[in-house]
Amino acid sequence: MSAISQKDAVSSVHNGVPDSAAGERSAGVALPLDRLERVAGWGMAVGGMGYVYRPSTIDGVAQVFEIARRTGRTVGLRGGGNSYGDAALNSENIILDLTRMNRILVWDPSNGRVTVEPGVTIQQLWRYAIGDGWWPPVVTGTSFATVGGCAAMNVHGKNNFKAGPIGDHILEFDALLPTGEHVHCSRDGNTDLFYGMIGGFGALGCFTSVTLQMKKIYSGWLNVDAISVPHMDGMLYELDARKGQADYLVGWSDAFASGETLGRGQIHQATYLAPGDDPYPAQSLRIESQEIPANLFGFLPASIIWLFMKPVLNDWGTRLTNLAKYMQSATLGNHKRYRQSHVAFAFLLDYVPNWKLAYQPGGLIQYQSFLPLATASPVYREILARSQKRGVVPYLGVVKRHRPDDFLINYSVDGYSLALDYKVTGSNRASLTALLKELDRIVIAGGGKFYFAKDATLQGATVRAFLGEERIRKFGALKERCDPESLLQTDLYRRLFGDQ
Ligand SMILES: Cc1cc2nc3c(=O)[nH]c(=O)nc-3n(C[C@H](O)[C@H](O)[C@H](O)COP(=O)(O)OP(=O)(O)OC[C@H]3O[C@@H](n4cnc5c(N)ncnc54)[C@H](O)[C@@H]3O)c2cc1C
């Protein structure tokens, strides 16, 4: 049965919505007004109006491509909408939201292979598999991302130095190309598409199913160590020195600390429990043992905490909070060892639902740069110092250790990443934009790279500088083959590749 009803077919009545992005295919016909919604990036700093379609079948996806073709619109694919910037936006055009394609298709608990539709979230996946002793091999800081969105961005977790990106755990996938072709891709067949579509930011085709190899776990707990670090060099040293013994590593950095203490913070290292270490695995592997509590401190509904954060989410509030957090980590909290559930360790940011609302009305921009071992220290110290000098200091800093991978659109390095959350306000928007341009130059000069899932401000020339002409040429050839009409576009695509 058709997933898109007749009502959704093209209307010939013009609805007054600007047609500027329609391009050459424009047939002068309009889309139904009731599809029009405001859609924003996760960071809320960018957004726009788009015609949103939410099919539940592959036929429905194909029909949306057809509707776009007939109306002269482009199609932007969207999963859970957790990309910080404009990667899943398609202003004035069609947004194909895949969250209703959310079925787990095949599960084999004997080997941990799972095949899912693209809209299955990481949360759905762990909840489904944990009772059998399996955990997603790579997870992002939020559990609300979909497998399709994660494959399209080739996401990394706090285990990137050891496990690589999610693409390293994808065994095969099926995709529908805008040409109408259904493709099956793996390391043995259609390999160019396998390495191009994973990380290909939804510009080549739509994943319709993805098969992942899950990670075997023997307990619902992780052993966690907390280590305080006095400055950025200490942070980078510890993250590197610990990578042989850790399964997960992540650093928090206080971006307000300056001088000798620039980049100080705290590292959390986690390791899996070996078989037999947990006397009660059937208990710790229950969903109830993992779940994030709905109340903090036993009584405060987590859903309203962002309201308390809002008044203190300013320079002085964050400076003091960071100071208190660092002092605690350097004294009582230093070298503390404890056990934590996988969910609590992996999805700390989900503990406070809607915490991003504390950044309203301007939202936030996350700036994540990836630097090789040799240049990370001077570049990260310069980024922090320059942010302080310009008076635009990020409120959250997260450092990770990474390893390179083989995918075509590639952001990772043998080195580190530093992700910084900048609050956007009416008064700092211009200076923040200018600062980030300065930082782009510093990162590129240090041989660094950027990640489209976090980006809202890069320019095409910067992307060419870090990806290199050869990769862009190869990606362009794949685009020509999979999507010769350039049907698949997003705001990010036009911003970075519009002049290709
Ligand atoms: C709080 C928070 C923490 C995060 N932590 C991390 C982290 O630790 N590591 C990390 O790597 N990222 C992280 N991210 C970023 C996030 O994981 C990525 O942006 C991810 O791609 C989001 O998945 P999504 O389903 O929300 O996809 P969306 O944001 O909706 O889309 C992402 C991209 O996928 C494309 N796409 C979506 N579905 C499909 C499909 N079926 N076929 C083809 N293309 C498709 C879209 O066009 C878009 O280009 C974090 C984000 C948040 C909000």
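Note: the structure precedes this text.
Conventions used here
Residues numbered from 1 in each chain as written. Predicted model: local features only at pLDDT ≥ 70, side-chain atom pairs only at ≥ 80, totals over all residues. Heavy atoms only, no water. Axes fitted to C-alpha atoms, helices over the stretch in contact; angles between N-to-C directions. Helix = DSSP H or I, 4+ residues; strand = E, 2+ residues; numbered from the N terminus. Parallel < 35°, antiparallel > 145°, perpendicular 65-115°, else oblique. Left-handed = near helix turned anticlockwise from the far one by under 90°. Contact = heavy atoms within 4.5 Å. Nonpolar A, V, L, I, M, F, W, Y, C, P; charged D, E, K, R; others polar. Near = heavy atom within 4 Å. Polar contact = N/O pair within 3.5 Å; in protein donor to acceptor, adjacent residues only side chain to side chain. Buried < 20%, exposed > 50% of the residue type's maximum accessible area, 1.4 Å probe, protein only. Pairing = 2+ DSSP bridges.

Asks: For this particular structure, what's the right way to read the packing of helix α12 (residues 373–389) against helix α13 (residues 429–445)?
Replies: Think of two packed helices as two axes; the pair is described by the angle between the axes and how far apart they sit. Viewed as axis vectors pointing N to C, α12 and α13 meet at an angle of 165 degrees, and their least axial separation amounts to 10 Å. Judged by the angle between their axes, α12 and α13 are roughly antiparallel. The crossing of α12 and α13 is right-handed. In this structure, α12 uses V379, E382, I383, R386 and S387 to contact α13, whose residues at the interface are L435, E438, L439, I442 and V443. Across the contact of α12 with α13, the residue classes break down as six nonpolar, one polar and three charged.

Asks: Quick question: what am I supposed to make of the environment of V443 here?
Replies: Here V443 shows up in helix α13. Considered as a pair, V443 and F370 are 73 residues apart in the sequence and their alpha carbons are 8.0 Å apart.

Asks: How do you make sense of the site of the ligand when you look at a structure like this?
Replies: Taken together, 34 residues sit near the ligand, with L77, N82, S83, T146 and Y451 positioned nearest. Between L77 and the ligand, the recorded distance is 2.6 Å, taken from a backbone N or O atom to an oxygen atom. Here an oxygen atom of the ligand and a side-chain polar atom of K400 are 3.2 Å apart. Every element with two or more residues in the shell around the ligand is listed here: β3 (75–78), α3 (147–153) and β10 (206–213). Looking at the shell around the ligand element by element, the count peaks at four residues for α3. Within the shell around the ligand, the residues separate by chemical class into 17 nonpolar, 14 polar and three charged.

Asks: Explain the packing of helix α14 (residues 460–467) against helix α15 (residues 469–482) to me, please; I cannot follow it from the model alone.
Replies: Running from N to C, α14 and α15 cross one another at 105 degrees; their axes reach a closest spacing of 6 Å. Comparing the axis directions of α14 and α15 gives the class roughly perpendicular. Contacts from V463, R464 and L467 of α14 reach α15 at E469, R471 and I472. Here the contact of α14 with α15 is built from residues that sort into three nonpolar, no polar and three charged.

Asks: I would appreciate a short explanation of unusual backbone geometry in the present structure.
Replies: Looking along the chain, the bond that leaves Q360 and enters P361 is cis, with omega of 5 degrees. Positive phi is not limited to glycine here, since E92 has a value of about 65 degrees. Residue placement: E92 occurs in the loop between β3 and β4 (94–97). Assessed through its relative accessible area of 24%, E92 is described here as partly exposed.

Asks: What's the story with the sheet that holds β4 in this structure? I'm lost.
Replies: Within a sheet, adjacent strands bond to each other through the backbone by hydrogen bonds, running parallel or antiparallel. Read across the sheet, four strands follow the order β1-β2-β4-β3 without closing on themselves; strand pairing throughout is mixed. What marks the edges here is a single partner per strand, and that holds for β1 (36–40) and β3. Strand-to-strand, the axes of this sheet are offset by a mean angle of 50 degrees, without reference to chain direction. Sheet topology note: the β3/β4 ladder contains four bridges and is parallel. Across the sheet, residue L77 finds its bridge partner in β4, namely L96.

Asks: Can you help me understand the pairing of β10 in this one?
Replies: Looking down a regular strand, the side chains alternate between one sheet face and the other. With seven of eight residues buried, β10 lies mostly within the body of the structure. Summarising the sheet, strand β6 (residues 113–116) and β10 pair through four bridges and their orientation is antiparallel. Its bridge partner being in β10, T115 is matched across the sheet by T211. Across six bridges, strand β8 (residues 170–176) lies against β10 in antiparallel orientation. The residue of β10 that forms the bridge with L176 is C206.

Function cannot be inferred from these measures alone, as they are strictly geometric.
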